Amino acid sequence: MSLQFLQGALEDIKALIAITEQDIVDIKIANNDAIFARIPQKEELTASFIRKKEAYAQEIEERLRKEFPNSTLEDLTYEDKQRLLGEGASQYTADLHDNLNLLKDLNLRFGKMSLAVSEFYSSLLGKIVPIEERGYKKQSLGNASFLQTEV
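All of these numbers come straight from a predicted model, not from anything done at the bench.

The rules behind the values
- Along each chain, residues carry numbers from 1 onward, in the same order as the chain's sequence is written.
- Local features in this predicted model are restricted to residues whose pLDDT is 70 or higher, and side-chain atom pairs enter the listing and the counts only when it is 80 or higher, whereas totals over whole chains, interfaces and linings include all residues.
- Each side-chain value is worked out from all heavy atoms of the structure, with water and hydrogens disregarded.
- Numbered from the N terminus, helices here are DSSP runs of H or I no shorter than four residues, and strands are runs of E no shorter than two.
- A 1.4 Å probe rolled over the protein chains alone gives each residue an accessible area, and that area as a share of the maximum for its type sets the label: buried under 20%, exposed over 50%, partly exposed in between.
- Every residue pair with non-hydrogen atoms within 4.5 Å of one another is taken to be in contact.
- The salt bridge criterion pairs a side-chain nitrogen of Lys or Arg with a carboxyl oxygen of Asp or Glu, the two atoms within 4 Å.
- Helices are assigned an expected span. That span is 1.5 Å times one less than the residue count.
- Among buried residues, the Ala, Val, Leu, Ile, Met, Phe, Trp, Tyr and Cys ones that are joined through side-chain atoms within 4.5 Å form a nonpolar core.
- The axes are straight lines fitted to the C-alpha atoms, using for helices just the contacting stretch, and the angles between their N-to-C directions are given from 0 to 180°.
- Here the word oblique covers every angle except those under 35 degrees (roughly parallel), over 145 (roughly antiparallel) and from 65 to 115 (roughly perpendicular).
- Helix crossings fall into two classes, left-handed where the near helix is turned counterclockwise from the far one by less than a right angle and right-handed where it is turned clockwise.
- Each residue receives one of three labels: charged for Asp, Glu, Lys and Arg, nonpolar for Ala, Val, Leu, Ile, Met, Phe, Trp, Tyr, Cys and Pro, and polar for the others, Gly being one of them.
- The patch calculation keeps residues exceeding 30% relative accessible area without a salt bridge and links them within 9 Å when they carry like charges or within 5 Å when they are nonpolar (Val, Leu, Ile, Met, Phe, Trp, Tyr).
- Computed by Shrake-Rupley with a 1.4 Å probe, the accessible areas treat only the displayed protein chains as cover when residues are assessed.

**Student:** Before we go on, may I ask you to explain the overall build of the chain in this structure?
**Tutor:** In terms of regular secondary structure, the chain is built from five helices and two strands. Reading the chain from its N terminus to its C terminus gives the helix and strand order α-α-α-α-α-β-β. For the chain, the proportion of its 151 residues judged to be buried stands at 25%. The long-range share in the chain, meaning contacts at least 24 apart out of those at least 6 apart in sequence, stands at 60%.

In structure tokens, the structure reads:
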């Protein structure tokens, strides 16, 4: 059962990777609506990953208490840990580690791109509608005469 949690968590991470890669493609072509539309899906996958990770940890804790009542995980030998974690767990955890690192790198890349786009639009808006900064307060100067319409 515990390996099913790891497998499910890995599938969630792979899905998040695919979505983030699509977000990177979409931000390059300014397809912002598609990016925003995927946010709920990313939130659900993240929550699902966390639930599966916690369920796996809880199951391992229960098995530890049952099979090694007077020990902590750190007290166990390598062989005991492997038996406790289950056959194939080390491969899943290695894959999870690699995919989490990939997701982290993709999110960093997407975050930098998002920041660049945000800075561009903020500077463009500042040129169209001049803003004066007074400490934490920003006030429009109102000198944007070409934005006024005549009726």
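**Student:** Explain the pattern of salt bridges here, please?
**Tutor:** Opposite charge on two side chains makes pairing possible when the charged atoms of those side chains draw close. Following the criterion strictly, the structure yields eight salt bridges and no others. Residue Asp12 pairs with Lys52 through a salt bridge whose shortest N-O separation is 3.2 Å. Of this pair, Asp12 sits in helix 1 (residues 2-28) while Lys52 sits in helix 3 (residues 39-67), and the two are 40 residues apart along the sequence. Exposure remark for Asp12: the relative accessible area of 7% places this residue in the buried category. Between Arg63 and Glu67 there is a salt bridge; the shortest N-O distance is 3.7 Å.

**Student:** Please clarify how helix 3 should be interpreted in this entry.
**Tutor:** An α-helix turns once every 3.6 residues. As a result, residues three or four positions apart point the same way. Taking 1.5 Å per residue as the helical rise, helix 3 with its 29 residues ought to reach 42 Å, and the 42 Å between its terminal C-alpha atoms agrees with that figure. Of all the residues in helix 3, the buried ones are Lys42, Leu45, Ser48, Phe49, Tyr56, Glu59, Ile60 and Leu64. Of the surrounding secondary structure, the elements contacted by the buried residues of helix 3 are helix 1, helix 4 (78-85) and helix 5 (89-128).

**Student:** Please explain the nonpolar core as it appears in this structure.
**Tutor:** Generally speaking, soluble globular proteins have nonpolar side chains that are buried together. Judged by nonpolar contacts, the single largest core of 24 residues is most densely connected at Ile13, Tyr56, Leu84 and Leu96. Secondary-structure elements contributing two or more residues to this core are helix 1, helix 3 and helix 5. In this view, Tyr56 contacts Ser2, Phe5, Leu6, Leu85 and Ala89; residues no more than four positions away in its chain are not counted.

**Student:** Teacher, can you tell me more about the packing of helix 1 against helix 5 here?
**Tutor:** The relative placement of two packed helices is expressed as an angle between their axes plus a distance between the axes. Close contact between helix 1 and helix 5 brings their axes to 9 Å; oriented N to C, the two are set at 20°. Viewed along their axes, helix 1 and helix 5 adopt a mutual orientation that is roughly parallel. Crossing geometry of helix 1 relative to helix 5 is assigned as left-handed. Residue composition of the contact of helix 1 with helix 5, by class: 19 nonpolar, six polar and six charged.

**Student:** Teacher, can you tell me more about unusual backbone geometry here?
**Tutor:** Of all residues except glycine, most have a negative phi; of all peptide bonds, most are trans. A positive phi angle, near 60°, is found at Ala30, a position not held by glycine. Residue position: Ala30 is located in the loop between helix 1 and helix 2 (32-37). The exposure class of Ala30 is partly exposed, given its relative accessible area of 49%.

**Student:** Could you clarify how one ought to interpret a nonpolar patch on the surface in this entry?
**Tutor:** On the surface, Phe120, Tyr121, Leu124 and Ile128 cluster together into a nonpolar patch covering about 370 Å² of accessible area. Considering the arrangement of structural elements, one finds Leu124 in helix 5. The exposure class of Leu124 is partly exposed, given its relative accessible area of 36%.

**Student:** In this structure, what is going on with helix 1? I would like to understand it.
**Tutor:** The first and last C-alpha atoms of helix 1 sit 40 Å apart over 27 residues, in line with the 39 Å expected at 1.5 Å per residue. A positive phi of about 60° marks Ala30, the residue just after helix 1.

**Student:** What is the right way to read the packing of helix 1 against helix 3 from this model?
**Tutor:** Their axes nearest at 9 Å, the elements helix 1 and helix 3 cross at an angle of 160°. Classed by the angle they form, the pair helix 1 and helix 3 counts as roughly antiparallel. Here helix 1 and helix 3 pass one another in a crossing that is left-handed. Residues Ser2, Phe5, Leu6, Gly8, Ala9, Asp12, Ile13, Ala15, Leu16, Ile19, Thr20 and Asp23 of helix 1 form the contact with helix 3, whose participating residues are Gln41, Lys42, Leu45, Thr46, Ser48, Phe49, Lys52, Ala55, Tyr56, Glu59, Ile60 and Arg63. Looking at side-chain class alone, the contact of helix 1 with helix 3 contains 12 nonpolar, six polar and six charged residues.

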